[in-house]
2 protein chains.
Amino acid sequence: MKIRVMLVDDHLVVLRGLKFFLNTQRDIEVIGEVENGEKALNAYEKWKPDVVLMDLMMPVMDGVEATKKLREAHPGAKVVVLTSYSDQDHVIPALQAGAVGYQLKDVDPDELVKTIRAASKGEKLLHPKATNLLLEQMSSGGEKKEPDVHFKLTNREKDVLFQITLGKSNKEIASDLYITEKTVKTHVSNLLSKLQVHDRTQAAIYAMKENLFADRSEESK
Amino acid sequence: MKIRVMLVDDHLVVLRGLKFFLNTQRDIEVIGEVENGEKALNAYEKWKPDVVLMDLMMPVMDGVEATKKLREAHPGAKVVVLTSYSDQDHVIPALQAGAVGYQLKDVDPDELVKTIRAASKGEKLLHPKATNLLLEQMSSGGEKKEPDVHFKLTNREKDVLFQITLGKSNKEIASDLYITEKTVKTHVSNLLSKLQVHDRTQAAIYAMKENLFADRSEESK
DNA sequence: GATCATCTACACCATTGGACCGAAAACATG
DNA sequence: CATGTTTTCGGTCCAATGGTGTAGATGATC
């Protein structure tokens with residue numbers, strides 16, 4: 001009985017390539033491919049794969065979100081994350097979301113196959129870099145950098161902060177978001193105190209350095 | 001006679017997958033794979049492929065650099081860029097470096113195959129997004145972004161701008177530079193009009209995006 | 001010496017930004 | 001339904017910001 005694998009990646013080229021490669025393995029069978037997290041949820045219902053190979057950066061619904069929802073609906077689902085990022089902002093959330101494997105795209109393909117096999121048996125296999133991160137996290141007592149800070153921002157506050165990083169004035173933001181300037185000022189005041197900075201310029205600098213909004217950079221124009 | 005293709009990508013998984021996929025095409029043959037730009041140069045000498053499929057983001061030597069050097073040594077080399085980025089900071093440099101094709105990883109695999117076939121005949125095929133960027137570039141008169149602008153800033157104005165990128169207020173800047181706040185305001189006014197922006201936040205954003213002060217970033221503390 | 005750019009400084013004034021206060025409405029969650 | 005959060009809007013008050021104009025001191029350049 002082969003291991004039935006479902007692929008989730010917005011890079012169709014990668015998707016196609018992975019499919020051909022994995023199908024050359026005698027104990028693995030790719031039974032489905034989708035290009036974003038949202039489709040993955042429905043597809044899982046339909047195909048009930050043994051293992052889901054999931055990219056992280058995707059439009060519509062990213063891999064962390066998809067993994068979380070998938071595991072909520074199907075606690076037994078085995079998700080292996082396959083991505084290019086090995087920083088703590090990706091590794092930790094993914095594993096907390098319930099991923100049972102984490103591999104980087106620059107890993108030896110055979111290693112990826114091993115991870116899939118391990119996952120199908122319920123074992124966990126991580127890329128060395130991911131493991132390192134976990135250990136660092138443990139040793140530092142799990143206090144992260146500055147705990148969350150920006151994750152405490154509400155959605156609207158994030159919207160406003162994003163506008164600030166575009167150099168907009170409160171008035172412009174108000175007109176862009178279809179709210180009054182008063183409201184914008186409220187949001188600005190609140191987000192400034194949450195970020196612990198003193199003015200919008202510092203907020204913009206912070207947002208850019210932490211590159212929040214890496215995702216929104218497209219929709220800006 | 002098959003089209004002989006060489007792959008350059010630091011993601012071994014993608015590399016392996018692409019190889020299997022492309023080899024299923026009856027007129028394409030993958031004759032070599034390397035994982036960074038530097039190795040690509042030597043590999044090209046050895047294999048003399050018809051087409052090089054090149055990733056952009058790689059360690060050691062990135063795709064733009066590799067393409068440039070490859071085309072210098074072998075003007076007839078046909079490089080197709082395959083990447084995830086479609087912004088002008090990647091597209092333009094890659095094409096200027098001499099790439100004859102530009103595709104995104106989320107493109108339909110068949111489209112990628114077409115691009116390779118076109119490249120082998122000396123034809124150029126770009127992803128729609130890349131084409132759009134080119135056209136925008138043309139219509140804006142080809143004057144690139146805004147030439148220099150910031151180089152017209154006096155030394156003192158640069159000092160002040162740098163302080164702004166640190167999030168300082170006029171008062172703080174004044175005390176740091178041992179001048180009065182009035183003077184700082186003068187400098188700020190002048191540099192804002194030279195940069196053609198309306199407030200200090202936009203100035204800070206501009207400076208960070210253009211990363212002026214890459215040199216000073218150390219002395220900041 | 002005359003000229004020009006730069007750096008410094010000030011005055012006046014309108015606009016913007018932000019803190020602090022309250023509060024209604026929508027919404028999720030228990 | 002009670003509770004808490006989020007989003008919205010209002011007002012007051014004051015500091016910060018920025019435009020415009022003027023002007024003295026310095027130093028480089030012709």
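Here the structure is shown first, and the text comes after it.
Residues numbered from 1 in each chain as written. Chains lettered and ligands numbered in written order. Predicted model: local features only at pLDDT ≥ 70, side-chain atom pairs only at ≥ 80, totals over all residues. Heavy atoms only, no water.

### Topic: the environment of Met58(A)
Residues and elements named next belong to chain A. Basically, it comes down to this: A run of DSSP states H or I qualifies as a helix once it reaches four residues; a run of E qualifies as a strand once it reaches two. Both are numbered from the N-terminal end. The contact criterion used is simple: two residues touch if any of their non-hydrogen atoms lie within 4.5 Å.
Considering the arrangement of structural elements, one finds Met 58 in the loop between strand E3 (51-54) and helix H3 (63-73). Linking Met 58 and Glu 38, residues 20 residues apart in sequence, is a C-alpha distance of 9.9 Å. When sequence neighbours within four positions are dropped, the list of residues in contact with Met 58 reads Val 8, Asp 9, Asp 10, Glu 35, Asn 36, Gly 37 and Gly 63.

### Here's the deal with the protein's contact with DNA strand D
The test is simple: Proximity is defined per residue: if any heavy atom of the residue lies within 4 Å of a molecule or strand, that residue is considered near it. Pairs of N or O atoms within 3.5 Å make up the polar contacts considered here, provided that, within protein, one atom can donate a hydrogen while the other can accept it, and that residues adjacent in sequence are counted only when both atoms are side-chain atoms. Residues were grouped as follows: Ala, Val, Leu, Ile, Met, Phe, Trp, Tyr, Cys and Pro as nonpolar; Asp, Glu, Lys and Arg as charged; and all remaining residues, including Gly, as polar.
Around DNA strand D sit 19 residues, and of these Thr154(A), Arg156(A), Thr180(A), His187(A) and Arg200(B) come closest. Taking all atoms of DNA strand D within 4 Å of the protein, the share assigned to sugar and phosphate is 65%. Between DNA strand D and the protein, one listed contact pairs a phosphate oxygen with a backbone N or O atom of Asn170(B) at 3.3 Å. Of all the secondary-structure elements, those providing two or more residues to the surface near DNA strand D are helix H7 (155-165) and helix H9 (181-195) of chain A together with helix H8 (170-177) and helix H9 (181-195) of chain B. A per-class count over the surface near DNA strand D returns three nonpolar, 10 polar and six charged.

### Here we look at the sheet that holds strand E4 (residues 79-83) of chain A
Residues and elements named next belong to chain A. Here is the rule: Each pair of strands is called paired provided DSSP finds at least two bridges between the two strands. Fitted lines through C-alpha atoms give the axes, limited to the stretch in contact for helices. The angle between two N-to-C directions lies from 0 to 180 degrees.
Spatial strand order, E2-E1-E3-E4-E5-E6: six strands in an open sheet with parallel pairing. Of all the strands in the sheet, the pair left with one neighbour each is strand E2 (28-34) and strand E6 (125-126). By the bridge criterion, two bridges tie strand E5 (residues 101-104) to E6 in an arrangement that is parallel. Looking at the pairing, Gly 101 lines up with Leu 125 of E6. Set on the sheet, helix H1 (residues 12-23) makes contact with strand E1 (3-8), E2, E3 and E4; between it and E2 the angle comes to about 165°.

### Overview of the protein's contact with DNA strand C
Around DNA strand C lies a shell of 17 residues, among which Ser189(A), Arg200(A), Thr154(B), Arg156(B) and Thr180(B) are the nearest. Taken together, the sugar and phosphate atoms account for 67% of what DNA strand C places within 4 Å of the protein. The contact in question runs from a phosphate oxygen of DNA strand C to an N or O atom on the side chain of Lys171(A), over 3.2 Å. At a separation of 2.9 Å, a phosphate oxygen of DNA strand C approaches a polar side-chain atom of Thr183(B). Of all the secondary-structure elements, those providing two or more residues to the surface near DNA strand C are helix H8 (170-177) and H9 of chain A together with helix H7 (155-165) and H9 of chain B.

### Some points on the packing of aromatic side chains
Inclusion rule: Only rings of Phe, Tyr and Trp enter the pairing, Trp through its six-membered ring, and a pair is recorded when the two centres are within 6.5 Å. The plane angle decides the type: under 30 degrees is stacked, over 60 is edge-to-face, the rest tilted.
If you walk through the whole model with that rule in mind, you get two aromatic pairs over all chains. Between the aromatic rings of Phe20(A) and Phe21(B), the centroid separation amounts to 5.7 Å while the plane-to-plane angle is 40°, which identifies the pairing as tilted. A residue pair is termed interchain when its members come from two chains, as with Phe20(A) in helix H1 and Phe21(B) in helix H1 (residues 12-23).

### Things to note about the nonpolar core
For clarity, the threshold we go by: Residues belong to one nonpolar core when they are buried, are Ala, Val, Leu, Ile, Met, Phe, Trp, Tyr or Cys, and are joined through side-chain atoms within 4.5 Å. A simple rule labels every residue: compare its accessible area, found with a 1.4 Å probe on the protein chains alone, to the largest value its type can have, and call it buried under 20%, exposed over 50%, or partly exposed in between.
In terms of nonpolar packing, the biggest core is built from 42 residues, with Leu22(A), Leu53(A), Ile116(A), Leu22(B), Leu53(B) and Ile116(B) touching the most fellow members. In this structure Leu53(A) touches Val5(A), Met6(A), Leu7(A), Val8(A), Leu18(A), Leu22(A), Val80(A), Leu82(A), Leu112(A) and Ile116(A), once residues within four positions along its chain are discounted.

### Points about the packing of H7(A) against H9(A)
Residues and elements named next belong to chain A. Stated precisely, the cut-off is as follows: These descriptions rest on fixed angle ranges, namely under 35 degrees for roughly parallel, over 145 for roughly antiparallel, 65 to 115 for roughly perpendicular, and the rest for oblique.
The interhelical angle for the contact between H7 and H9, taken along N-to-C directions, is 90°, at an axis separation of 9 Å. By the angle class used here, H7 and H9 are roughly perpendicular. Taking contact as the criterion, the partners of Arg 156, Glu 157, Val 160, Leu 161 and Ile 164 in H7 are, on H9, Val 184, His 187, Val 188, Asn 190, Leu 191, Lys 194 and Leu 195.

### Regarding the interface of chain B and chain A
Heads up, the rule is: Accessible area, probed at 1.4 Å, shrinks when two parts are joined; the buried area is that loss added up over both. In what follows, salt bridge is the name for a side-chain nitrogen of Lys or Arg lying within 4 Å of a carboxyl oxygen of Asp or Glu.
The interface is formed by 35 residues belonging to chain B together with 35 residues belonging to chain A. Carbon and sulfur atoms supply 69% of the area that chain B and chain A bury against each other, a total of about 2800 Å² over both sides. Of all residues in chain B, Val13(B), Arg16(B) and Met208(B) give up the largest surface area on contact with chain A, accounting jointly for 21% of the area buried on that side. Remark: the boundary between chain B and chain A carries zero salt bridges. Linking chain B to chain A there are seven residue pairs in polar contact (both at pLDDT 80 or more). It is H1(B) that contributes the most residues to the side of chain B that touches chain A, eight residues altogether.

### Quick look at H9(B)
Residues and elements named next belong to chain B. This is how it is decided: Take the residue count of a helix, subtract one, and multiply by 1.5 Å to get its expected span. Taking the helix axis as origin, the arc is that swept by the directions to the C-beta atoms.
If you check H9, its first and last C-alpha atoms are 21 Å apart, about what 15 residues at 1.5 Å a residue would give, namely 21 Å. Every buried residue belonging to H9 is among Val 184, His 187, Val 188, Leu 191, Leu 192 and Leu 195, and all of these are buried. Along the axis of H9, the buried residues cluster in a sector spanning 130°; they form a single face. Opposite the buried face of H9, at more than 90 degrees from it, the exposed residues are Lys 182 and Ser 193. Two residues or fewer after H9 comes Gln 196, characterised by a positive phi angle close to 60°.

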